[in-house]
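Listed below are the residues making up each chain.
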Amino acid sequence: MTTLASADLRAKLGEIDIYLFDQLLRGRFDGRTRLLDAGCGEGRNLMYFLRRGFTCYGIDRDPAAIADVRALAAQLASSLPVENFQTGELDRLPWPDASMDGVICSAVLHFANDAAHFDAMLRELWRVLAPGGLFFARLASNIGIEDRVGAAGRRARLPDGSDRFIVDEQMLTAWTARAGGRLADPIKTTNVQGRRCMTTWCVFKSDGRSG
């Protein structure tokens with residue numbers, strides 16, 4: 001019986017974020033082998049990287065999620081130390097400065113309590129990213145639904161009923177400039193039928209690597 005294409009892809013890639021998959025296809029992780037998934041959950045974005053021999057790390061506030069991602073790593077990359085995956089908070093990362101070639105933070109930063117918490121998480125994620133490294137984030141924004149959710153830089157009730165810390169293009173470009181980063185791509189936003197907007201933000205740290 002022929003394996004369905006979707007099943008074959010899922011076996012190889014897991015439930016990877018499609019926008020992260022786009023970065024993979026474009027070679028953005030070629031040569032960037034030490035990878036942190038910040039807010040990793042059960043490891044949906046790590047399966048391919050684990051299979052490919054990347055040195056993966058993960059952090060999540062949910063101990064059950066970390067137990068799951070440790071089990072996944074034990075199955076797919078048994079040589080990785082279990083301590084690479086830790087329970088914790090994004091504003092207090094346990095890894096040294098410049099220790100990661102890539103940082104993934106998918107659908108996590110919009111859980112910030114306020115602007116100070118958002119900034120603290122970003123500063124920590126940037127701290128552990130090495131020069132020439134890639135920062136990949138997806139997060140809620142008001143881009144395209146400003147008239148429904150109001151100004152950015154605060155928690156807001158989205159039309160889908162969820163409460164999220166929302167950003168706008170000005171916030172992201174200003175933070176990129178302050179950090180001395182460089183946008184890997186133009187800031188892209190997906191509008192989900194006016195119910196919420198999710199923005200993809202990809203930044204290179206310094207010009208040490210062209211990407």
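Above this note sits the structure.
A. Spotlight on the overall build of the protein. The secondary structure content of the protein amounts to seven helices and ten strands. Over its C-alpha atoms the protein spans a radius of gyration of 17 Å, differing by no more than 12% from the 17 Å that the globule rule assigns to 211 residues. The principal-axis extent of the C-alpha atoms belonging to the protein is close to 50 × 45 × 35 Å. Split into buried and exposed, the 211 residues of the protein put 48% on the buried side. Summarising the internal contacts of the protein: among those between residues at least 6 apart in sequence, 67% fall at separations of at least 24. The positive charge centre, built from 27 side chains, and the negative charge centre, built from 26, are 2 Å apart in the protein.

B. How the structure looks around the nonpolar core. The biggest cluster of nonpolar side chains holds 29 residues, and the ones touching the most others in it are Leu36, Leu109, Leu125, Phe135 and Trp201. At the level of secondary structure, the elements contributing two or more residues to this core comprise β1 (34-38), β2 (55-60), β4 (100-106), α5 (115-128), β5 (129-141), α7 (169-179) and β10 (197-205). Tallying contributions element by element places α5 first for this core, with six residues. Every residue in contact with leucine 109, bar those within four places of it in the chain, is listed here: Phe118, Met121, Leu122, Leu125, Phe135, Ala137, Leu139 and Phe165. By size, the runner-up hydrophobic cluster in this structure holds 27 residues, among which are Leu24, Cys40, Met47 and Val69.

C. Quick look at the pattern of salt bridges. In this structure the tally under the stated criterion is 13 salt bridges. As a salt-bridge pair, aspartate 185 and arginine 28 come within 3.0 Å of each other at their nearest N and O atoms. One end of the pair, aspartate 185, is in the loop between β8 (181-183) and β9 (188-191); the other, arginine 28, is in the loop between α2 (18-25) and β1, with 157 residues separating them in the sequence. Judged by relative accessible area, aspartate 185 falls into the buried class, the value being 8%. On the accessibility criterion, arginine 28 (8% relative accessible area) is buried. One salt-bridge network, held together by shared partners, links Asp22, Arg26, Arg28 and Asp185.

D. Main features of α2. Among all positions of α2, only Leu20, Gln23 and Leu24 are buried. Projected onto a plane normal to the axis of α2, the buried residues spread over an arc of 105° and lie on a single side. Turned more than 90 degrees away from the buried face of α2, the exposed residues are Ile18 and Leu25. The secondary structure elements touched by the buried residues of α2 are α3 (47-51), β4, β5 and β10. Where α2 starts, the residue carrying a side-chain oxygen 2.7 Å from the main-chain nitrogen of tyrosine 19 turns out to be aspartate 17.

E. Spatial organisation of the pairing of β5. Of all 13 residues making up β5, twelve are buried, and the element is well covered by its neighbours. Alignment of β4 against β5, held across six bridges, turns out to be parallel. Of the residues in β5, the one forming a bridge with methionine 100 is leucine 129. Handedness of the crossover is the feature at issue here: the chain leaves β4, passes through α5, returns alongside β5, and the resulting connection is right-handed. Of the strand pairs in this sheet, β5 and β10 are connected by eight bridges, and their pairing is antiparallel. Paired with leucine 139 across the bridge in β10 is threonine 199.

F. Looking closely at the side chain of threonine 200. Positionally, threonine 200 belongs in strand β10. Here threonine 200 falls in the buried class, since its relative accessible area comes to 7%. Of the polar contacts made by the side chain of threonine 200, one reaches the side chain of arginine 138; its length is 3.4 Å. Apart from the residues within four sequence positions on either side, threonine 200 is in contact with Tyr19, Phe136, Ala137, Arg138, Ile187 and Lys188.

The rules we used
- Residues numbered from 1 in each chain as written.
- Predicted model: local features only at pLDDT ≥ 70, side-chain atom pairs only at ≥ 80, totals over all residues.
- Heavy atoms only, no water.
- Helix = DSSP H or I, 4+ residues; strand = E, 2+ residues; numbered from the N terminus.
- Rg over C-alpha atoms; globule rule 2.2 N^0.38 Å.
- Buried < 20%, exposed > 50% of the residue type's maximum accessible area, 1.4 Å probe, protein only.
- Contact = heavy atoms within 4.5 Å.
- Lys, Arg positive; Asp, Glu negative; His and termini not counted.
- Charge placed at Lys NZ, Arg CZ, Asp CG, Glu CD.
- Core = buried A, V, L, I, M, F, W, Y, C linked by side-chain atoms within 4.5 Å.
- Salt bridge = Lys/Arg side-chain N within 4 Å of Asp/Glu carboxyl O.
- Arc of directions from axis to C-beta.
- Polar contact = N/O pair within 3.5 Å; in protein donor to acceptor, adjacent residues only side chain to side chain.
- Pairing = 2+ DSSP bridges.
- Right-handed = clockwise from strand over helix to strand, strands pointing away.

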